[in-house]
Amino acid sequence: MERIYLYDTTLRDGAQREGISFSVEDKLRVAHKLDDLGVAFIEGGWPGANPKDDLFFERLRGESFKHSAVAAFCSTRRPGLRAEADEGLKKVLAAGTEWVTTFGKCWDLHVHAGLRTSLEENLAMIEETVAFLRFSGRRVIFDCEHWFDGFAKNPDYALASLQAAARAGAEWLVLCDTNGGMLPKQIRESVGAVRAFCEAQDLAAGLGIHTHNDSETAVANALAAVELGARMVHGTINGYGERCGNANLCALLPNLQLKMGYELVSPDQLGCLTEVAHFVSEVANLAPNDHAAYVGASAFAHKGGIHVSAVQRNPQTYEHIVPESVGNRRRILVSDQAGLSNILHKLADLGFRFERHDPAVAHILQQIKQLEAEGYQFEAAEASFELLVRECLKVREPFFTLEGLYTACQTFPDQSVRSEATVRVRVGRALQHTAADGNGPVSALDAALRKALVGFYPQVASMHLVDYKVRILEGNLGTSALTRVLVESSDGTGRWTTIGVSPNIIEASCRAVIEGLEYGLSRGRR
Ligand SMILES: CC(=O)SCCNC(=O)CCNC(=O)[C@H](O)C(C)(C)COP(=O)(O)OP(=O)(O)OC[C@H]1O[C@@H](n2cnc3c(N)ncnc32)[C@H](O)[C@@H]1OP(=O)(O)O
Ligand SMILES: CC(=O)C(=O)O
């Protein structure tokens, strides 16, 4: 089977996504991760466009890569200039990469409206830029910007621009759906026509595809192009990119490798894909998309009882691939959509072995369904689920009991607000009465509880709240609405989430905080 070259543009087109700003250090870390993943090309940035990209290419000189070539990106020369005199091209050469990707206009609309030059001059810009880069010892990838729109509106001109790049020595002609408006049928027709043209004209360059996701078809379009002969595929990790993003490499790669049979990276490298996706979202400071295909936390999460029952008998019933082949894992969720199979699975995870028809299992399931009807959501609060299981099985440890709680908020003349909480907590026979303040009633309550408990359980000192989420259920009821609070806690070695539900936000928070502490103590004991 012919080789497909994976071309990652996370560091260039991905950086054009609203909300992303990579530092030079970030770019280097991502580049090495992509190299480990085994992509053939990494588009590192546009030398001359900004100081960070200049520095990135400077720093690159001291770095070595095992699998990837790093390409510098640039436009064709400016109209009316010689390529040798173009400052942008000088900077690209100074970056010192073996490969340069240059983009040129293939849609006559852009030549008139964007560049404001003649059609002939644009063809000269393309040909002279590629020739200059080749003369300067670079290998050239030509991005045919707006290829598909251009080909639809003025096919002769689009083909002439592509031919100009090929004639001057571009090794790859990458057809770009720059506006992301195409559907797979249009991609197929256009790529088929280009391929026939290249064969008829004896153009040696390989064909590539670069798609944007404005119609949610970027991945499908890239795959359609591969079916028709594209051998270089552009994309970004997590689909980051200008506007709605680029083709998502985290879907493209496994689709090409596991479904279409191309070997782009080794099975071990493919097994790192989920880690790479999370690493890049962490570096980009964006929350990972839990529902992303292949690499999302929910990609192999089974919630419906029917699904769980079948997956346990044969995973193929509800999984299109083996999750571990992309470094992901199966998860079983517990909710009011669960059946006995979900509960049995979770019980086994917690170390409890039960027969399917044991009344204890049905009792836990019935409790879950009842509490979810009252506003609880256990799939998001696995620690509270575990405490509920222990309660139902009568093995929940009574670390402490809250016998009283008082909170107050006070506003000061300088508009600042302080809160105070007083708690009465029983540990065995001892009764602790403590108070603490905080910047809100929940932090004051949390501080007062810890203060009461730390003498009995020193490990409480290492526990802290890391996240606090509130959701109002049935908001149409106004102040009588139910409040659901999720609290994430940590002890420095792990994190867990607990839940509280009540019409009173303090009570809901209190339940979640108490369960957070209780779970932390039981975790420490185990
Ligand atoms: C489809 C894509 O994603 S292409 C990549 C887009 N990415 C970016 O634009 C990010 C980096 N860009 C930048 O830092 C800046 O835009 C720069 C440094 C490239 C240019 O900055 P400026 O010189 O200030 O120009 P500005 O951004 O206002 O306008 C773009 C210029 O590029 C020209 N241009 C656009 N495409 C091309 C091309 N293929 N070949 C030559 N020139 C081009 C435009 O005609 C315009 O020049 P003009 O104002 O002289 O007519
Ligand atoms: C080159 C490029 O990023 C595009 O045409 O979308």
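The protein is annotated in an unreviewed UniProt entry as Citramalate synthase from Gloeobacter kilaueensis. According to its UniProt record, the protein has this under Catalytic activity (unreviewed entry): "pyruvate + acetyl-CoA + H2O = (3R)-citramalate + CoA + H(+)". Here the protein is described in UniProt, under the heading Pathway (unreviewed entry), as follows: "Amino-acid biosynthesis; L-isoleucine biosynthesis; 2-oxobutanoate from pyruvate: step 1/3."

This brings us to the UniProt feature "domain: Pyruvate carboxyltransferase" (unreviewed entry) in the protein. Mapped onto this numbering, the UniProt entry annotates "domain: Pyruvate carboxyltransferase" (unreviewed entry) at residues 4–271. Secondary structure content for residues 4–271 is 45% helix and 17% strand, and the end C-alpha separation is 19 Å.

Now for the domain arrangement of the protein. Each domain of the protein was delimited in the assignment, giving domain 1 (5–265), domain 2 (301–392) and domain 3 (401–525). If you average the C-alpha positions of domain 1 and of domain 2, the two centres end up 46 Å apart.

Let us look at the pairing of strand 13 (residues 430–438). As defined by bridge partners, strand 12 (residues 417–427) adjoins strand 13 across nine bridges and the pair is classed as antiparallel. Bridge pairing in strand 13 places Arg424 opposite His433. Once strand 12 ends, the chain turns through two residues before running back antiparallel as strand 13, passing Gly428 with a positive phi of about 60 degrees.

What follows concerns the sheet that holds strand 2 (residues 41–45). Sheet architecture is closed into a barrel: eight strands sit in the order 1-2-3-4-5-6-7-8, paired in parallel fashion. On average, each strand axis in the sheet is inclined to that of its neighbour by 25 degrees, with strand direction left out of account. Two strands pair when backbone bridges link them, and strand 1 (residues 5–8) and strand 2 are joined in this way by two bridges, in the parallel orientation. Each residue of the ladder has a partner; that of Asp8, found in strand 2, is Ile42. Packing against the sheet, helix 1 (residues 24–37) makes contact with strand 1, strand 2 and strand 3 (69–75), and its axis sits at approximately 170 degrees to strand 2. Running over the sheet, helix 2 (residues 51–60) touches strand 2 and strand 3 and is turned about 130 degrees from strand 2.

With that settled, the discussion passes to the site of ligand 2. In the vicinity of ligand 2, the contacting residues are Asp13, Phe103, Asp143, Glu145, Cys176, Thr178, His210 and His212. Broken down by class, the residue content of the shell around ligand 2 amounts to two nonpolar, three polar and three charged.

Glancing now at the site of ligand 1. Looking at ligand 1, there are 17 residues lining it, with Ala49, Ser75, Thr76, Leu115 and Thr178 nearest. Ranked by the residues each element gives to the shell around ligand 1, the list is headed by strand 4 (residues 99–105), at three residues. Along the lines of polarity and charge, the residues of the shell around ligand 1 split into five nonpolar, seven polar and five charged.

Scored by pLDDT, the protein comes out at a mean of 96, with 99% of its residues at no less than 70. Prediction confidence for the complex, expressed as pTM and ipTM, is 0.91 and 0.96 respectively.

On to the nonpolar core. Within the largest apolar cluster, 94 residues are counted, with the highest numbers of intra-cluster contacts made by Leu173 and Leu175. Looking at which element gives the most residues to this core, the answer is helix 9 (residues 218–227), with seven residues. Not counting residues up to four positions away in its chain, the partners in contact with Leu175 are Cys144, Trp147, Phe148, Val191, Val194, Leu207, Gly208, Ile209 and Ala225. The next biggest cluster of nonpolar side chains, apart from the first, holds 45 residues, and it includes Ile368, Phe400, Val423 and Ala448.

Let's shift gears to the environment of Ala383. With respect to the element layout, Ala383 can be found in helix 16 (residues 382–392). Considering only alpha carbons, one finds Ala383 and Trp496, 113 residues apart in sequence, at a separation of 5.9 Å. Each residue touching Ala383, except ones within four places of it in the same chain, is listed here: Trp496, Thr497, Thr498, Glu515 and Tyr519.

One open sheet accounts for three strands, arranged 11-12-13; its pairing is antiparallel. Among the strands making up the open sheet, the edge pair consists of strand 11 (401–411) and strand 13. Direction aside, the axes of adjacent strands within the sheet are offset by 10 degrees on average.

Calculation criteria
Along every chain, residues carry numbers that run from 1 in the direction the sequence is written. Think of it this way: whatever chain is written first is A, whatever ligand is written first is 1, and the rest follow in order. Restriction of local features to residues with pLDDT of at least 70 applies here, the model being predicted, together with a cutoff of 80 or more for giving and counting side-chain atom pairs; totals for whole chains, interfaces and linings are based on all residues. UniProt positions are given in the numbering used here, feature names are shortened, and annotations may be inferred rather than shown by experiment. Only DSSP runs of H or I reaching four residues or more are called helices, and only runs of E reaching two or more are called strands; each is numbered from the N terminus. All domain edges in this entry derive from an automatic or database-based domain assignment. Should DSSP find at least two bridges between two strands, the strands are taken to pair. Here the axes come from fitting lines to C-alpha atoms, over the contacting stretch only for helices, and the angles between their N-to-C directions go from 0 to 180 degrees. Any residue pair is listed as a contact if its two C-beta atoms, each placed from the backbone, are within 7 Å. Here, nearness means that the C-beta atom of a residue, built from backbone geometry, sits within 6 Å of the molecule or strand in question. Residues are grouped as follows: Ala, Val, Leu, Ile, Met, Phe, Trp, Tyr, Cys and Pro are nonpolar; Asp, Glu, Lys and Arg are charged; every other residue, Gly included, is polar. For every residue, the predictor reports its confidence as pLDDT, a number between 0 and 100. Definition of nonpolar core: a set of buried Ala, Val, Leu, Ile, Met, Phe, Trp, Tyr and Cys residues joined via C-beta atoms within 7 Å. Neighbour counting defines burial: a residue surrounded by 20 or more other C-beta atoms within 10 Å of its own C-beta is buried, one with 12 or fewer is exposed, and intermediate counts give partly exposed, using backbone-placed C-beta atoms.

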